[in-house]
Every structure is written in C-alpha cells, then in structure tokens.
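Residue-level structure breakdown
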Amino acid sequence: MRIAMIEQIIKSFDLINVEVLLVSTPDSTIKQASNALLAKWNCQLPDIIGKKIMNFGNGLVSAKPTTGLSQQDKNHLEVCYSPPIGSPNQSVFCIQPIVHESEAYILLLGEQN
C-alpha cells in the first residue's frame, strides 16, 4: 500500500510536469523521481533509485542548502546529479517533509525558473 501511495504522488506531479524527488529519511535514499526530473537530468529511474544523496560535490547525487539571506531560502535545497559521463545537472527544490504509515520522507518539489 505504501508503494501505491508514493506512485500516485509522483504520477500526480508527472501530469503537471514538475520535477520531484522522493527521499527517505534519515538515510537520504532516493525512492522515486518524476519524469520531468529524469528528462532534465537526462537519466533513467534505475540510475538514481536507491542512491543516497551525499554532501555537495560527493557521489552521483549530492545536495547543499541554497545560498541566500531570506527565510524562504532555508527551505530550499540544490541537488546535483553528476553522471559518470557528461556534465552535472542541477535543480533547486522546495523541501516538504511527509510521513506515511510511520515512514518519514522528504518530498523535494522543483522550483520553476
């Protein structure tokens, strides 16, 4: 049942072409991603599912807080996908914590430029 709920969340965001990452906590493992994000990062779901988000500059997928002085910037994260071949791709996300059936996740919602 948990998988079905997660899939429905991602499908909903796919309908409106929003970049989304679903990350489990506290281990920071990527559980799901939207098609819009996969297209931007030029990768496929198996390339990132199960991968941990590391400190910025380390690993296949890494993240850092966005830089800025406003309170709103504290709720944003810059995530970088660095494929083995090719250029790194970055996206900025708004952080939305969610809990379902006692499991904690972070839903990262892409910011539109």
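Residues numbered from 1 in each chain as written. Predicted model: local features only at pLDDT ≥ 70, side-chain atom pairs only at ≥ 80, totals over all residues. Heavy atoms only, no water.

**Quick notes on the overall build of the protein**
Helices and strands together make up the secondary structure of the protein, namely three helices and seven strands. Reading the secondary structure of the protein in the N-to-C direction produces α-β-β-α-α-β-β-β-β-β. A separation threshold of at least 6 residues defines the contact pool for the protein, and within that pool the share at least 24 residues apart is 35%. Working note: accessible area of the protein is about 6800 Å², and carbon and sulfur atoms make up 54% of it. (Helix = DSSP H or I, 4+ residues; strand = E, 2+ residues; numbered from the N terminus. Contact = heavy atoms within 4.5 Å. Areas by Shrake-Rupley, 256 points an atom, 1.4 Å probe, with all protein chains shown as cover.)

**Thoughts on the sheet that holds strand β7 (residues 103–110)**
The sheet built from seven strands is open, its strands ordered β2-β1-β7-β6-β5-β4-β3 with mixed pairing. A single partner strand is all that each edge strand has here, and the edge strands are β2 (29–33) and β3 (53–55). In this sheet, neighbouring strand axes are inclined to one another by 40 degrees on average, regardless of whether the strands run parallel or antiparallel. Taken together, the eight bridges between strand β6 (residues 89–100) and β7 define a ladder with antiparallel strand orientation. Following the sheet pairing, H100 is matched in β7 by E103. (Pairing = 2+ DSSP bridges. Axes fitted to C-alpha atoms, helices over the stretch in contact; angles between N-to-C directions.)

Everything listed here is a matter of coordinates, which is why it stays silent on function.
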